[in-house]
Amino acid sequence: MQTSSLQAATLPALHADVEPVLPMLAEQQKQLEKLGLQNEKLKLQNEKLEQQNAEMSDAIESLSREQEDMAEQIRAMAGWVRNAAMAGLFLLLLFLLLKGVQLLHGLSH
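Residues numbered from 1 in each chain as written. Predicted model: local features only at pLDDT ≥ 70, side-chain atom pairs only at ≥ 80, totals over all residues. Heavy atoms only, no water.

1. Details of the overall build of the protein
Along the backbone of the protein there are 2 helices and 0 strands. When each of the 109 residues of the protein is scored for burial, the buried share is 1%. Summed over all atoms, the accessible surface of the protein reaches about 10,300 Å², with 66% contributed by carbon and sulfur. (Helix = DSSP H or I, 4+ residues; strand = E, 2+ residues; numbered from the N terminus. Buried < 20%, exposed > 50% of the residue type's maximum accessible area, 1.4 Å probe, protein only. Areas by Shrake-Rupley, 256 points an atom, 1.4 Å probe, with all protein chains shown as cover.)

2. Digging into the pattern of salt bridges
As enumerated under the stated definition, the model contains 2 salt bridges in all. Measuring nitrogen to oxygen at the nearest pair gives 3.9 Å for the salt bridge that ties E40 to K43. With E40 and K43 both in helix α2 (residues 21-108) and 3 residues apart, the pair spans about one turn of that helix. Between E61 and R65 there is a salt bridge; the shortest N-O distance is 3.0 Å. Placement of the pair is E61 and R65 together in helix α2, with a separation of 4 residues, close to one helical turn. Assessed through its relative accessible area of 46%, R65 is described here as partly exposed. (Salt bridge = Lys/Arg side-chain N within 4 Å of Asp/Glu carboxyl O.)

3. Section: a nonpolar patch on the surface
Taken together, the side chains of M86, L89, L92, F95 and L96 define a hydrophobic patch exposed on the protein surface, amounting to about 530 Å² of accessible area. Mapped onto the elements of the fold, L96 is located in helix α2. (Patch = residues over 30% accessible without salt bridge, like charges linked within 9 Å, V, L, I, M, F, W, Y side chains within 5 Å.)

From the geometry alone we can't say anything about function, so treat these as descriptive.
Next comes the structure, spelled out in structure tokens:
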């Protein structure tokens with residue numbers, strides 16, 4: 001019986017010790033919930049950023065392929081221009097040769 005009277009005396013004392021801590025625990029619980037919500041928001045933002053990052057990577061890869069295609073087209077055009085210039089120089093040289101022959105032929109008559 002002495003144990004039960006000891007327990008009966010200690011319970012109010014423990015209750016008195018714990019009671020001032022309860023508001024702090026409630027406040028900490030609110031802060032934890034708030035942090036949990038912030039954490040969820042950050043996770044959602046992170047997922048959104050990862051998705052945007054993937055989209056940007058795809059866009060950059062696509063642009064890179066397009067740039068390579070354009071570089072090939074420019075190289076091909078440069079080849080055409082070079083060939084056209086060579087043909088033009090050949091025609092100019094031929095024209096000058098013919099004029100020279102015509103001039104020599106005119107002088108010999």
